[in-house]
Amino acid sequence: MRVDIITLFPLMFKGPFEESIIRRAREKGILEIYLHDLRMFTHDKHRTVDDAPFGGGGGMVMKPEPLFEAVEKIRERLEPPPWVILLSPQGVPFNQGKAKELAGKRNIILICGRYEGVDERVREHLVDEEISIGDYVLTGGELAAMVLVDVVIRMLPGVLGCEDSARKDSFFHGGLLDYPQYTRPASFRGWKVPAVLLSGNHQEIERWRRRKMLENTLKKRPDLLERINLSRRERKFLEEVIDEYKVEKGRK
Ligand code: ADE
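The rules behind the values
Along each chain, residue indices are assigned from 1 in the same order as the chain's sequence is written. It should be noted that, the model being predicted, local features are given only for residues of pLDDT at least 70 and side-chain atom pairs only at 80 or more, the latter also being counted only at that level, while totals for whole chains, interfaces and linings use all residues. Side-chain numbers here rest on the full set of heavy atoms in the structure, without hydrogens or water. Only DSSP runs of H or I with at least four residues qualify as helices, and only runs of E with at least two residues qualify as strands; both kinds are numbered from the N terminus onward. Each residue is assigned to one of three classes by its accessible area relative to the maximum for its type, calculated with a 1.4 Å probe on protein chains only: buried under 20%, partly exposed between the two thresholds, exposed over 50%. We call two residues in contact when some of their heavy atoms are within 4.5 Å. Shrake-Rupley sampling with a 1.4 Å probe provides the accessible areas, and residues are treated as covered by the protein chains on show and by no other component. Positive: Lys, Arg. Negative: Asp, Glu. His and the chain ends are not part of the count. By convention, charge coordinates are those of NZ in Lys, CZ in Arg, CG in Asp, or CD in Glu. We call a set of buried Ala, Val, Leu, Ile, Met, Phe, Trp, Tyr and Cys residues a nonpolar core when their side-chain atoms join them within 4.5 Å. The domain boundaries here were taken from an automatic or database domain assignment. Here a residue is near a molecule or strand as soon as one of its heavy atoms is found within 4 Å of it. For the purposes of these results, a polar contact is taken to be a pair of N or O atoms within 3.5 Å, where, inside protein, one atom must be able to donate a hydrogen and its partner to accept one; residues adjacent in sequence count only when each atom of the pair is a side-chain atom. Each patch is built from residues lacking any salt bridge and having more than 30% relative accessible area; the joining distance is 9 Å for like charges and 5 Å for nonpolar side chains (Val, Leu, Ile, Met, Phe, Trp, Tyr). For this document, the term salt bridge refers to a Lys or Arg side-chain nitrogen within 4 Å of an Asp or Glu carboxyl oxygen. Any two strands with at least two DSSP bridges between them are considered paired. For helices, the fitted axis covers only the stretch in contact; all axes are lines through C-alpha atoms, and the angles between them, taken along N-to-C directions, range from 0 to 180 degrees. Each pair of aromatic rings taken from Phe, Tyr and Trp, with Trp reduced to its six-membered ring, is defined by centres within 6.5 Å and is described as stacked if the planes are under 30 degrees apart, edge-to-face if over 60, and tilted in the remaining cases. Here, over-ring charges are defined by two tests on the NZ atom of lysine or the CZ atom of arginine: distance to the ring centre within 6 Å, and angle to the ring normal within 35 degrees. Using a grid of 1 Å spacing that covers the protein atoms alone, one calls a set of points a cavity when a 1.4 Å probe fits there but cannot get out, and a pocket when the set is open and has protein on both sides within 12 Å along at least five of seven lines; lining residues are those with an atom within 4 Å of a point. Grid points are joined across faces, edges and corners, and a volume is the space filled by probe spheres set on the points. Gly is placed with the polar residues, together with every amino acid not listed as nonpolar (Ala, Val, Leu, Ile, Met, Phe, Trp, Tyr, Cys and Pro) or charged (Asp, Glu, Lys and Arg).

**Some thoughts on the overall build of the protein chain**
Part 1 of the argument: Looking only at helices and strands, the protein chain has 11 helices and 10 strands in total.
Part 2 of the argument: Expressed along its principal axes, the backbone C-alpha trace of the protein chain runs to roughly 70 × 45 × 40 Å.
Part 3 of the argument: Sorting the 252 residues of the protein chain into buried and exposed places 40% on the buried side.
Part 4 of the argument: Long-range contacts, defined as pairs at least 24 residues apart, comprise 75% of the intrachain contacts of the protein chain with a sequence gap of at least 6.
Part 5 of the argument: Entry remark: accessible area of the protein chain is about 15500 Å², with carbon and sulfur atoms responsible for 52%.
Part 6 of the argument: In the protein chain, 43 positive and 40 negative side-chain charges are present, and the distance between their average locations comes to 8 Å.

Written as structure tokens, this is what we have:
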């Protein structure tokens, strides 16, 4: 996958993109990242990328010309044509499903918005999709672009090691939260690891984990349960968990 990022602050990406899994993916050639400084697509002495809004009001708006020029230049050389994304708090919410969709694309361009906004013609005529990473306002789209790349890249074959991959499959699998994890020591300050995990009975361990996933999701993110398809056995599990949960709450 190739990702072209258009930004006013290319140096912001240095740390996150040169470490850990993203670095490995780049070294393996699974991911190519190109950073483009938006000011390189301006033609005036001051390298102007923003201007005051028509109609008045405070703040500055990102001008359309450098953004169009940058995207068109990058697009010229790419086949299949890249999917152009604007990172902005007005976009569709980013989630695991959206990441999966993007992981299927060969080329994407990420535009990092700054200042108070972006000229509306960029949205209307240049961008394929606008994405938000959450209902809050960042200083700019750069951190959002890093989050997006991090999540998408984990889904590409060969990026994670085998162990991580297997874990990834169960994590968020079917829209559920993960089960609790423990490592040595089996007893720490008197707090013991659940006995079933030390039992060696893989069927029981699997059952316990599935149940804990449902329990965790019910307690922390009940909204997720409404959106997923559960098997008959899982429904039964869930009903039991709900009953236990009610009893537990009643006791408090
Ligand atoms: N730019 C500013 N805030 C943002 C957000 N929440 N998501 C994506 N891009 C942004």
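**Observations concerning the nonpolar core**
Soluble globular proteins: nonpolar side chains tend toward being buried together.
Part 1 of the argument: Membership of the largest hydrophobic core comes to 31 residues, with the highest contact counts inside it found for Leu 110 and Leu 148.
Part 2 of the argument: Contributions of two or more residues to this core are made by strand S1 (2-7), helix H2 (20-27), strand S5 (83-93), helix H4 (96-103), strand S6 (107-112) and helix H6 (142-153).
Part 3 of the argument: Apart from the residues lying within four places of it in its own chain, the contact partners of Leu 110 are Val 3, Asp 4, Ile 5, Ile 6, Ile 85, Leu 87, Ala 145, Leu 148 and Val 149.
Part 4 of the argument: Counting residues in each nonpolar core, the second largest holds 20 residues, with Val 71, Val 84, Ile 111 and Val 122 among its members.

**Thoughts on the domain arrangement of the protein chain**
Part 1 of the argument: Partitioning the protein chain into domains gives domain 1 (2-153) and domain 2 (187-251).
Part 2 of the argument: Taking only C-alpha atoms, the centre of domain 1 and the centre of domain 2 are 40 Å apart.

**Some remarks on the site of the ligand**
Part 1 of the argument: In the neighbourhood of the ligand, 13 residues make up the surrounding shell, with Ser 88, Ile 133, Gly 134, Tyr 136 and Leu 138 lying closest.
Part 2 of the argument: Ile 133 places a polar main-chain atom, nitrogen or oxygen, 3.0 Å from a nitrogen atom of the ligand.
Part 3 of the argument: Within the contact set of the ligand, a nitrogen atom lies 2.8 Å away from a backbone nitrogen or oxygen of Tyr 136.
Part 4 of the argument: Protein contact buries 97% of the 260 Å² of open area that the ligand shows by itself.

**Overview of a nonpolar patch on the surface**
Part 1 of the argument: A grouping of Phe 9, Met 12, Tyr 136, Leu 138 and Leu 143 is seen on the molecular surface, where their side chains present a nonpolar patch of about 430 Å² in accessible area.
Part 2 of the argument: With respect to the helices and strands, Phe 9 occurs in the loop between S1 and helix H1 (14-17).
Part 3 of the argument: In this structure Phe 9 comes out as partly exposed when scored by relative accessible area, which is 35%.

**Digging into the sheet that holds strand S8 (residues 129-132)**
Part 1 of the argument: Across the sheet, which stays open at both edges, the 5 strands sit in the order S2-S1-S6-S5-S8 with parallel pairing between neighbours. Single-partner strands in this sheet number two, and they are strand S2 (32-37) and S8. Each strand axis lies, on average, 30° off the axis of its neighbour in the sheet, ignoring direction.
Part 2 of the argument: Sheet topology note: the S1/S6 ladder contains 5 bridges and is parallel. For Ile 5, the partnering residue across the bridge sits in S6 and is Leu 110.
Part 3 of the argument: Each of S1, S2, S5, S6 and S8 touches H6; the most contacted strand, S6, lies at about 155° to it.

**Thoughts on the packing of aromatic side chains**
Centre distance and the angle of the planes are the two values used to describe a pair of aromatic rings.
Part 1 of the argument: One pass over the structure, following the stated rule, counts 2 aromatic pairs.
Part 2 of the argument: Aromatic pair Phe 13 and Phe 17: ring centres 5.4 Å apart, planes at 45°, arrangement tilted.
Part 3 of the argument: Here Phe 13 falls in the buried class, since its relative accessible area comes to 1%.
Part 4 of the argument: For Phe 17, a relative accessible area of 2% corresponds to the buried category.
Part 5 of the argument: For the pair Phe 188 and Trp 191, a centre-to-centre distance of 5.9 Å together with 50° between the ring planes defines the contact as tilted.
Part 6 of the argument: Judged by its relative accessible area of 59%, Trp 191 falls in the exposed class.
Part 7 of the argument: Directly above the aromatic system of Tyr 34 lies the positively charged group of Arg 2, at a separation of 4.1 Å from the ring centroid.
Part 8 of the argument: Note that Lys 105 overlies the ring of Trp 83, its terminal NZ or CZ placed 4.4 Å from the centroid.

**A few points about the layout of surface pockets**
Empty space among the atoms can be located by rolling a probe the size of a water molecule over them.
Part 1 of the argument: For the second largest pocket, the calculated volume is near 340 Å³.
Part 2 of the argument: Forming the walls of the second largest pocket are 22 residues, and the residues nearest its centre are Leu 87, Ser 88, Pro 89, Val 137 and Leu 138.
Part 3 of the argument: Put simply, the parts of the chain that give the lining of the second largest pocket at least two residues each are S5, strand S7 (117-118) and S8.
Part 4 of the argument: Among the elements that make up the lining of the second largest pocket, the one with the highest residue count is S5 (4 residues).
Part 5 of the argument: Along the lines of polarity and charge, the residues of the lining of the second largest pocket split into 10 nonpolar, 9 polar and 3 charged.

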